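Architecture at a glance
The lines below spell out each chain.
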Amino acid sequence: MEDQTTQRSLNIVLLAAGLSRRLSGEQKLLKLYNDKPLFLYSLSAALEFADVVLVTGHESERVTSAAKEFISRLNAKHSLKCVKNIYYEKGQYTSVLCGIQNIEKDADFALSVSDAPFVTPNDYKKLYSFLSDSDIVRPFVNSTPCHPVFFKSNLKNLFLDNSNYQSVRSLINDNKDKLKIYNCDYKDNPKLCVDFDYAECFKN
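So, the pairing of strand S7 (residues 136–141)
Along S7, five of the six residues are buried, which leaves the element largely enclosed by surrounding structure. Bridge analysis of S7 against strand S9 (residues 149–151) gives two bridges, and the strand direction is antiparallel. The residue of S9 that forms the bridge with Ile 136 is Phe 151. Sheet analysis places S7 next to strand S10 (residues 181–185), joined by five bridges and oriented parallel. Counterpart to Phe 140 in the pairing with S10 is Asp 185. The sheet contact formed by S7 and strand S8 (residues 144–145) spans two bridges and is antiparallel. Note on S8: the bridge partner recorded for Phe 140 is Pro 145. In sequence, S7 turns back onto S8 through a hairpin of two residues, with Asn 142 there showing a positive phi of about 50°.

In structure tokens form, the structure reads like this:
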């Protein structure tokens, strides 16, 4: 995706590999919310704004199949690349690394999750605009950190060349002295911080 203002490209790494432990192992990403599999809300919003690397793991074949079937009907503006993280059981950060390994060489990148159905294309657009003045953009809603999180392309190696980190949060916290970080208390979408971890979340 080419941003007309900055002439930079962006890839979105969408994490869809988790074990759904809080739903007793049920694949929550394929669980219906308003008659549509949960992760398709996140995927649709991401594809509306940029090329997407979808990182799968738990029940990878089912998630990948649903994503490809969905995009065949969507007439999406951007491309979808599905990759499987074979180390997904070791935690979310392994999926982050897997995704970053598969983005375009010089692309800025965003990290987002597949169980946050209220993130919109406009959220991506607004938050990405802040990256012109920062190396990292992390949105907060009422002091709660949210996704998507945006990074300048030159930070790719910060992830790939370090083995000391177990989470994105620890990486950011450990480099505050080196990086310019824009923590925005995001007002446009108060539901930005809502993700679905429990069965109750699927009830209207």
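We are not done yet, so read on.
Considerations on the confidence of the model for the protein
Averaged over every residue, the pLDDT of the protein is 91; the share at 70 or more is 93%. For residues 1–5, every residue scores under 50 in pLDDT, and the model assigns this stretch twelve contacts once sequence neighbours within four places are set aside.

Quick look at the state of the cysteines
Scanning all chains against the criterion turns up zero disulfides. Left without a disulfide partner, Cys 98 is nearest to the cysteine sulfur of Cys 82, which lies 11 Å away. Looking at the unpaired Cys 184, the closest cysteine sulfur is the one in Cys 146, lying at 8.6 Å. When its relative accessible area of 6% is taken as the criterion, Cys 184 is described as buried.

What about the packing of aromatic side chains?
As enumerated under the stated definition, the model contains 14 aromatic pairs in all. Look at Tyr 33 and Tyr 41: their rings are 5.7 Å apart centre to centre, the planes differ by 65°, and that puts the pair in the edge-to-face class. With relative accessibility at 19%, the residue Tyr 41 sits in the buried group. Between Phe 49 and Tyr 124, the aromatic rings sit 6.3 Å apart at their centres with planes inclined by 15°, giving stacked as the arrangement. Of this pair, Phe 49 sits in helix H1 (residues 39–49) while Tyr 124 sits in helix H4 (residues 121–129), placing them 75 residues apart in sequence. Taking the relative accessible area as the measure of exposure, Phe 49 reaches 9% and is therefore buried. Ring pairing ties together the aromatic residues Tyr 33, Tyr 41, Phe 118, Phe 196 and Phe 202, which thus form one cluster. In this structure, Lys 31 packs its charged tip against the face of Phe 202, placed 5.3 Å from the ring centre. Taking NZ or CZ as reference, Lys 191 lies 4.5 Å from the ring centre of Phe 118, over its face.

Some points on the packing of H1 against H4
Following both chains from N to C, one finds H1 and H4 inclined at 50°, their axes separated by 8 Å at the closest point. Considered as vectors, H1 and H4 are oriented oblique to each other. The chirality of how H1 crosses H4 is right-handed. Judged by residue contacts, Ala 45, Ala 46, Glu 48 and Phe 49 of H1 engage Pro 121, Tyr 124, Lys 125 and Tyr 128 from H4.

Cut-offs and rules
Residues numbered from 1 in each chain as written. Predicted model: local features only at pLDDT ≥ 70, side-chain atom pairs only at ≥ 80, totals over all residues. Heavy atoms only, no water. Buried < 20%, exposed > 50% of the residue type's maximum accessible area, 1.4 Å probe, protein only. Helix = DSSP H or I, 4+ residues; strand = E, 2+ residues; numbered from the N terminus. Pairing = 2+ DSSP bridges. pLDDT = per-residue confidence, 0-100. Contact = heavy atoms within 4.5 Å. Disulfide = S-S within 2.5 Å. Phe/Tyr/Trp six-rings, centres within 6.5 Å; stacked < 30°, edge-to-face > 60°. Lys NZ or Arg CZ within 6 Å of the ring centre and 35° of its normal. Axes fitted to C-alpha atoms, helices over the stretch in contact; angles between N-to-C directions. Parallel < 35°, antiparallel > 145°, perpendicular 65-115°, else oblique. Left-handed = near helix turned anticlockwise from the far one by under 90°.

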